[in-house]
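Chain by chain, the residues:
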Amino acid sequence: MAAVRHNEAQNRYELDTEHGMAIAVYRQRGDSLVFVHTEVPPQDEGKGIGAQIVRAALDDSRKRGFKIVPACSFVAAFMRRHPEYNDVRA
């Protein structure tokens, strides 16, 4: 599987899968990134791909100095299960 990439022009993180592309979409608001949508191709659901792309997005956002607003229910649930990201929650 390919690596997660940041598509800054489309405000999203992307990951090519066997069945298409998984995405984590955000909107920048000042020094925060508001994650609004996460999508994984239906055939790839339940394989940990959503967690993989969200983890990479949060790690990159942290490295770039942004705080995270988890408006997407998947990102919010991921952050609840992974308290190591509490420091980046807006």
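Above this text sits the structure in question.
Residues numbered from 1 in each chain as written. Predicted model: local features only at pLDDT ≥ 70, side-chain atom pairs only at ≥ 80, totals over all residues. Heavy atoms only, no water.

### Brief notes about unusual backbone geometry
Positive phi is not limited to glycine here, since Asn-11 has a value of about 50°. Among the secondary structure elements, Asn-11 is positioned in the loop between β1 (5-7) and β2 (12-17). According to the relative accessible area criterion, Asn-11 is partly exposed, its value standing at 28%. (Helix = DSSP H or I, 4+ residues; strand = E, 2+ residues; numbered from the N terminus. Buried < 20%, exposed > 50% of the residue type's maximum accessible area, 1.4 Å probe, protein only.)

### A few points about the pairing of β2
As defined by bridge partners, β1 adjoins β2 across three bridges and the pair is classed as antiparallel. Residue Arg-5 lies in a different strand from β2, and its bridge partner there is Glu-14. Between β1 and β2, which pair antiparallel and follow one another directly, the connecting turn spans four residues, one of which, Asn-11, has a positive phi of 50°. Where β2 and strand β3 (residues 20-29) come together, six bridges link them in antiparallel fashion. Bridge pairing in β3 links Tyr-13 to Ala-24. Counted along the chain from β2 to the antiparallel partner β3, the turn is two residues long. (Pairing = 2+ DSSP bridges.)

Remember that the coordinates give geometry; whether it matters functionally is a separate question.
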